Amino acid sequence: MSRSLDALRFDNRFTRQLPSDPESTNQRRQVMGACYSRVLPQHTQQPVLVACAREVAELLDLTEATCASEQFLRVFSGNEVLAAMDPYAMCYGGHQFGHWAGQLGDGRAINLGETLNRDGQRWVLQLKGAGPTPYSRTADGLAVLRSSVREFLCSEAMHHLGVPTTRALSLVLTGDPVVRDMFYDGNPQAEPGAILCRVAPSFTRFGNFEIFAARQEWDVLQQLLDYTIRTDFPHLPEPGIDTYLMWFDEVCRRTAAMIVHWMRVGFVHGVMNTDNLSVLGLTIDYGPYGWLEDYDPDWTPNTTDAEGRRYRFGQQPQIGQWNLGQLARALAPIVGQVEPLQESLMRYSSLYNDGYNAMMVQKLGLGCFDPATDVDLINDLQSVLQLRETDMTIFFRALAEVSLGEIAPGGDEADARAPFEAAYYQTDPLTEAQRHDTLGWMRRYVDRVRRDGTPDDTRRQAMNAVNPKYVLRNYLAQLAIDKSAEGDHTMVEELLEVLRHPYDEQPGKEQFAQKRPEWARHRAGCSMLSCSS
């Protein structure tokens, strides 16, 4: 384990092997023919370490003592660049809300370099909110505490939920105020500035390839594609046309698997632009995300998306395919074939559908997917959950606790209704139609489970292994932000600890599994969020 940060082994393969921006000045501009621009973090006035994720530190071979050191604080607040680092910001473009936006790039993210741990794993260290880059456009390259707390906690929460994701090493308050217009209503205010250190094998996005295709910079596109395959997909053969097609097919498969996990835990990304999708199939860029509390497939957490709801919960699988289609268009001139790319896009649909069905039968505690009965069972459950505001997370945990031996066909309706009532936000009685549909589904479910013959205890353990008790509820994140803004970071640490074990009961922590309180229904940060951060 590293005793100091100087012991980190930096490889910096990205900057060594790919074309760089010849301009050295850090001014906003169009960067042509280059994959990145070298840039240094901005110095901060009075940094304070808010939190550090010990599991991520271990990935980097860093000790607890190192993470508590002054050097750690200097480096991850942007005030020191180690000699072996080679900081840079990446050039990429993207489709935003379905429209080509041109050059975007790392506008407030600076990659410090690529480090190899003792197992040979490659990890990119990236500071988010560390100052402007050539890609910042009209922005300042900084970040505020509220968005940084949300990304820090959610990155780690998603990992412990088993969802593919980038990670978060550290969260630092900079001591510098940052002005933001949170509601875009013409009332900007100074907020506490913060820097997050994100960690991933790669931060390469669909948009990294799109920008060079849009500019017809085919040589740079091919260099990036070859580099990505050799570095991030070393199990594939040497780059060539067949390998490019294999690579795209794997990106499709990874994306489908990632979104199945999103749907499993009720996560809504909120801004699935092509520059926010990772080619590694990792959840990336935690901006105006949200957790589905009352089950509503049309819900989006993003105020910018409130009218069109392009990125709503239920549409995420289709948006994943649409984004992959844009990546395919960027690759088509390189591979010189369209049909194999189209086949992979079609395969995405079947992979997602199969993965979704398999995931749902796991959530329901069934042995395997039976299309003769389970398609209707799953679809009808989605309808029943929308009859009233039903908390998705609480419902599935309550469903696991139902003892089938106590529910006789046509028996006590209170027992059959129990998992729904525990999850309802409204307390008024069901209408006759709601009661009929709810009890009808529950009895069909009981009959289906009985056909499997799975004992209650076995079913309960299986369900609780895929249905979390604890997720990063929107109001919990906001409470942690409120306390941290006052200088009390204990709730950030407490939430981080609870979210390390999302499937466990954790006696004494039940308050973190409760339904959204009524005061949080429409409060900023607890319901919908803007992109302002």
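A.B. asks: Looking at this structure, how should I read helix 7 (residues 218-232)?
C.D. replies: Counting along an α-helix, one turn takes 3.6 residues, and residues three or four places apart therefore face a common direction. Taking 1.5 Å of rise per residue, 15 residues should cover 21 Å, and helix 7 covers 21 Å from first to last C-alpha, within 8% of that figure. Considered for burial, the residues of helix 7 that qualify are Val 220, Leu 221, Leu 224, Leu 225, Asp 226, Tyr 227, Thr 228, Ile 229, Thr 231 and Asp 232. As for helix 7, its buried residues are in contact with helix 1 (13-17), strand 7 (109-116), strand 8 (122-128), helix 6 (206-214), helix 8 (241-265) and helix 9 (316-335).

A.B. asks: I would appreciate a short explanation of the side chain of Asp 21 in the present structure.
C.D. replies: Here Asp 21 is to be found in the loop between helix 1 and strand 2 (36-38). Judged by its relative accessible area of 9%, Asp 21 is buried. Among the polar contacts listed, one links the side chain of Asp 21 to the backbone nitrogen of Glu 23, at a separation of 2.9 Å. Setting aside residues no more than four positions away along its own chain, Asp 21 makes contact with Arg 29, Val 31, Ala 34, Tyr 36 and Ser 37.

A.B. asks: Hey, could you run me through the packing of helix 7 against helix 9 in this one?
C.D. replies: The relative placement of two packed helices comes down to the angle between their axes together with the axis-to-axis distance. Put simply, helix 7 and helix 9 touch, their axes get as near as 11 Å, and they point 100° apart. Taken as axis vectors, helix 7 and helix 9 run roughly perpendicular relative to one another. Residues Trp 218, Leu 221, Gln 222 and Leu 225 of helix 7 lie in contact with helix 9, whose contacting residues are Ala 330, Leu 331, Pro 333 and Ile 334. Taken together, the residues of the contact of helix 7 with helix 9 break down into 7 nonpolar, 1 polar and no charged.

A.B. asks: How should I be thinking about the packing of aromatic side chains in this particular structure?
C.D. replies: Each aromatic ring pair is characterised by the separation of its centres together with the angle its planes make. In this structure the tally under the stated criterion is 20 aromatic pairs. Taking 5.1 Å as the distance between ring centres and 10° as the angle between the ring planes, the aromatic pair formed by Phe 14 and Tyr 88 counts as stacked. Here Phe 14 is found in helix 1, whereas its partner Tyr 88 is found in strand 4 (residues 88-90), with 74 residues between them in sequence. Across the pair, exposure class does not vary: Phe 14 and Tyr 88 are buried alike. An aromatic cluster is defined as three or more aromatic residues linked by ring pairs; in this entry it consists of Trp 262, Phe 267, Tyr 286, Tyr 289 and Trp 291. Cation over ring: Arg 150 sits above Tyr 289, and NZ or CZ is 4.0 Å from the ring centre.

A.B. asks: Even after reading the chapter, I still don't get the pattern of salt bridges, so can you show me in this structure?
C.D. replies: As enumerated under the stated definition, the model contains 42 salt bridges in all. For the salt bridge of Arg 500 with Glu 55, the shortest nitrogen-to-oxygen distance reads 2.5 Å. Note that Arg 500 is positioned in the segment after helix 17 (490-498) and Glu 55 in helix 2 (residues 54-59), a separation of 445 residues in sequence. The exposure class assigned to Glu 55 is buried, which follows from its relative accessible area of 18%. With its nearest N and O atoms 2.7 Å apart, the salt bridge here joins Glu 518 to Arg 521. Classification of Arg 521 as partly exposed rests on a relative accessible area of 21%. Overlapping salt bridges bring together Lys 128, Glu 151, Arg 198, Arg 205 and Asp 285 as one network.

Scoring rules and cut-offs
- Residues numbered from 1 in each chain as written.
- Predicted model: local features only at pLDDT ≥ 70, side-chain atom pairs only at ≥ 80, totals over all residues.
- Heavy atoms only, no water.
- Helix = DSSP H or I, 4+ residues; strand = E, 2+ residues; numbered from the N terminus.
- Expected span 1.5 Å × (residues − 1).
- Buried < 20%, exposed > 50% of the residue type's maximum accessible area, 1.4 Å probe, protein only.
- Contact = heavy atoms within 4.5 Å.
- Polar contact = N/O pair within 3.5 Å; in protein donor to acceptor, adjacent residues only side chain to side chain.
- Axes fitted to C-alpha atoms, helices over the stretch in contact; angles between N-to-C directions.
- Parallel < 35°, antiparallel > 145°, perpendicular 65-115°, else oblique.
- Nonpolar A, V, L, I, M, F, W, Y, C, P; charged D, E, K, R; others polar.
- Phe/Tyr/Trp six-rings, centres within 6.5 Å; stacked < 30°, edge-to-face > 60°.
- Lys NZ or Arg CZ within 6 Å of the ring centre and 35° of its normal.
- Salt bridge = Lys/Arg side-chain N within 4 Å of Asp/Glu carboxyl O.

Bear in mind that shape data such as this cannot, by itself, settle questions of function.
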